[in-house]
Amino acid sequence: MTKAYLPSIWLGEFRSKAEFDQALPRLHSIFSIYDWIDDRLLFSRHGFTLPAYCAGCDKVTPMRINWLFGGVSSSVHPAWTETVVCECGLNSRMRALLDFLKTRFAQSNLQDAYILEQVTPLYQIIKKLNIAHRWIGSEYCGPQHKSGERVFNPKYLQFIRHEDLTALSFSDASFDLVVTLDVFEHIPDYPRAFSEVYRVLRRPGYLVFTIPFFFDRAETCVRATVNADGTITHHLPPEVHGNPVSKEGSLCFQNFGWDILDTLRSTGFTNAFAALYWGPWQGHLGYPFFVFCATKG
């Protein structure tokens with residue numbers, strides 16, 4: 001296994017903004033190293049290939065860096081979590097979450113796991129890894145469907161399980177692990193989604209997820225809210241992210257700050273933390289980026 005010869009990408013765990021801020025004097029000097037390396041890679045906005053280890057392929061592969069999701073700003077940096085894409089289709093944040101699962105749970109003998117993806121390359125890869133014995137996947141196919149319904153998707157020519165994360169169809173204590181990748185920012189009532197995940201987890205059980213995260217914010221910024229009549233009020237210009245089962249994409253309702261950890265704890269989760277990662281040897285550039293974990297314990 002190639003990874004055995006590589007350093008860990010995990011740099012620390014933080015359970016609050018105060019804890020992260022306390023570490024900033026040390027982290028700033030480290031970030032200067034990251035910044036120097038990143039800047040030397042970016043001679044222009046032309047794409048290029050970087051050899052790095054892929055946690056999905058379990059080998060070193062050529063990974064493509066581009067500015068497809070980088071926007072038009074004065075920054076020379078691409079959207080680091082969305083790029084450095086392996087030939088298997090996994091980008092940086094997907095591989096970081098996979099590495100987190102393999103590092104934390106490969107020897108845990110988890111039985112049942114649920115991931116809120118079904119048509120992505122990640123779903124096909126994660127099912128084959130030695131993390132859990134059984135995986136269930138789903139997608140959100142729209143408010144017109146009921147959770148648990150099988151919906152035919154013409155783009156993928158397959159039936160997809162529809163699940164609304166605020167009203168899951170699963171029984172209590174169905175899973176040992178629930179995984180989401182950049183989902184909660186698209187759910188206006190995300191505390192209710194946390195409660196549903198808590199309900200369907202066994203004890204002990206784990207929620208592992210990624211989100212677009214603003215490490216300099218103590219509180220989450222609400223971008224849009226849903227009114228009683230179903231209409232949407234935008235408090236900031238609409239921000240729409242890609243969606244594998246919808247051409248319209250998905251509206252971003254909030255930009256998360258550190259209080260998301262408090263929301264998880266108020267739901268009943270324990271040991272909620274943000275795990276900081278970086279490592280060009282695994283195709284993780286830019287900083288600071290996190291994988292989040294909370295335990296029903």
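Before reading further, recall that the structure is shown in the block above.
Residues numbered from 1 in each chain as written. Predicted model: local features only at pLDDT ≥ 70, side-chain atom pairs only at ≥ 80, totals over all residues. Heavy atoms only, no water.

A. Up close: the packing of aromatic side chains. Throughout the structure, instances matching the rule amount to 30 aromatic pairs. A centroid spacing of 5.6 Å and a plane angle of 65° characterise the contact between Trp10 and Tyr277, whose relative ring orientation is edge-to-face. Taken together, the positions of Trp10 in strand S1 (residues 10-14) and Tyr277 in strand S17 (residues 270-279) put the pair 267 residues apart, joining distant regions of the chain. Pair check on accessibility: Trp10 and Tyr277 agree, each one buried. Each member of the aromatic cluster is reached from another via a ring pair, and the members are Phe14, Phe20, Phe184, Tyr190, Phe194, Phe209, Phe213, Phe215, Phe256, Trp258, Phe290 and Phe292. Positioned above the aromatic ring of Phe159, the side-chain terminus of Arg150 is 4.5 Å from the ring centre. (Phe/Tyr/Trp six-rings, centres within 6.5 Å; stacked < 30°, edge-to-face > 60°. Helix = DSSP H or I, 4+ residues; strand = E, 2+ residues; numbered from the N terminus. Buried < 20%, exposed > 50% of the residue type's maximum accessible area, 1.4 Å probe, protein only. Lys NZ or Arg CZ within 6 Å of the ring centre and 35° of its normal.)

B. Quick peek at helix H2 (residues 92-105). Taking 1.5 Å of rise per residue, 14 residues should cover 20 Å, and H2 covers 20 Å from first to last C-alpha, within 8% of that figure. Here H2 lies mainly inside the structure; 11 of its 14 residues are buried. Those residues of H2 not exposed but buried are Ser92, Arg93, Met94, Arg95, Ala96, Leu97, Leu98, Asp99, Phe100, Leu101 and Phe105. (Expected span 1.5 Å × (residues − 1).)

C. Fine view of the environment of Leu261. Along the chain, Leu261 turns up in helix H5 (residues 259-267). With 228 residues separating them in the primary sequence, Leu261 and Ile33 have C-alpha atoms 28 Å apart. Leave out the neighbours within four places in its chain, and Leu261 touches Phe14, Arg15, Ser16, Ala272, Phe273, Ala274 and Phe292. (Contact = heavy atoms within 4.5 Å.)

D. Local environment of the pattern of salt bridges. All chains considered together, the criterion is met by 13 salt bridges. Across the salt bridge formed by Glu82 and Arg93, the nearest N and O atoms sit 2.7 Å from each other. Of this pair, Glu82 sits in the loop between strand S3 (59-65) and strand S4 (85-86) while Arg93 sits in helix H2, and the two are 11 residues apart along the sequence. Overall, the relative accessible area of 11% leaves Arg93 in the buried class. With a closest N to O distance of 3.0 Å, Asp176 and Arg202 form a salt bridge. Residue Asp176 is found in strand S9 (residues 175-181), and its partner Arg202 is found in strand S10 (residues 201-210); the two are separated by 26 residues along the sequence. (Salt bridge = Lys/Arg side-chain N within 4 Å of Asp/Glu carboxyl O.)

E. Up close: the sheet that holds S4. Taken together, the 3 strands give an open sheet; going across it, the order is S2-S3-S4, and neighbouring strands pair in antiparallel fashion. Strand pairing shows two members of the sheet lacking a second neighbour, strand S2 (48-54) and S4, which therefore form its edges. Relative to S4, S3 runs antiparallel, the two sharing 2 bridges. Within the sheet, the bridge partner assigned to Met63 lies in S4 and is Cys86. Packing against the sheet, H2 makes contact with S2, S3 and S4, and its axis sits at approximately 15° to S2. (Pairing = 2+ DSSP bridges. Axes fitted to C-alpha atoms, helices over the stretch in contact; angles between N-to-C directions.)

F. View of the environment of Pro204. By the element assignment, Pro204 lies in strand S10. Overall, Pro204 belongs to the partly exposed group, its relative accessible area being 47%. Placed 92 residues apart in sequence, Pro204 and Lys296 show a C-alpha to C-alpha distance of 5.3 Å.

G. Looking closely at the sheet that holds S9. If you walk across this open sheet you meet the 7 strands as S1-S17-S18-S10-S9-S5-S6, and the pairing is mixed. Since the sheet does not close on itself, it has two edges, and those belong to S1 and strand S6 (132-137), each with one partner. Pairwise comparison of adjacent strand axes, ignoring direction, gives a mean angle of 20° for this sheet. Bridge analysis of S17 against strand S18 (residues 284-296) gives 7 bridges, and the strand direction is antiparallel.

H. Quick look at the environment of Glu139. Tracing the backbone through its elements, the reader meets Glu139 in the loop between S6 and strand S7 (150-153). Judged by its relative accessible area of 7%, Glu139 is buried. Sequence-wise, Glu139 and His162 are 23 residues apart; in three dimensions their C-alpha atoms are separated by 5.3 Å. Non-local contacts of Glu139, meaning those with residues more than four positions away in its chain, are made with Leu116, Glu117, Gln118, Val119, Thr120, Ile160, Arg161, His162, Glu163, Pro244 and Val245. For Glu139, the side chain forms a polar contact with the main-chain nitrogen of Val119, separated by 3.2 Å. (Polar contact = N/O pair within 3.5 Å; in protein donor to acceptor, adjacent residues only side chain to side chain.)

I. Examining the pairing of S3 more closely. Pairing of S2 with S3 involves 7 bridges; the strand directions are antiparallel. Counted as the bridge partner of Pro51 is Pro62 from S3. Between the end of S2 and the start of S3, which pair antiparallel, lie 4 residues, with Asp58 showing a positive phi angle near 60°.

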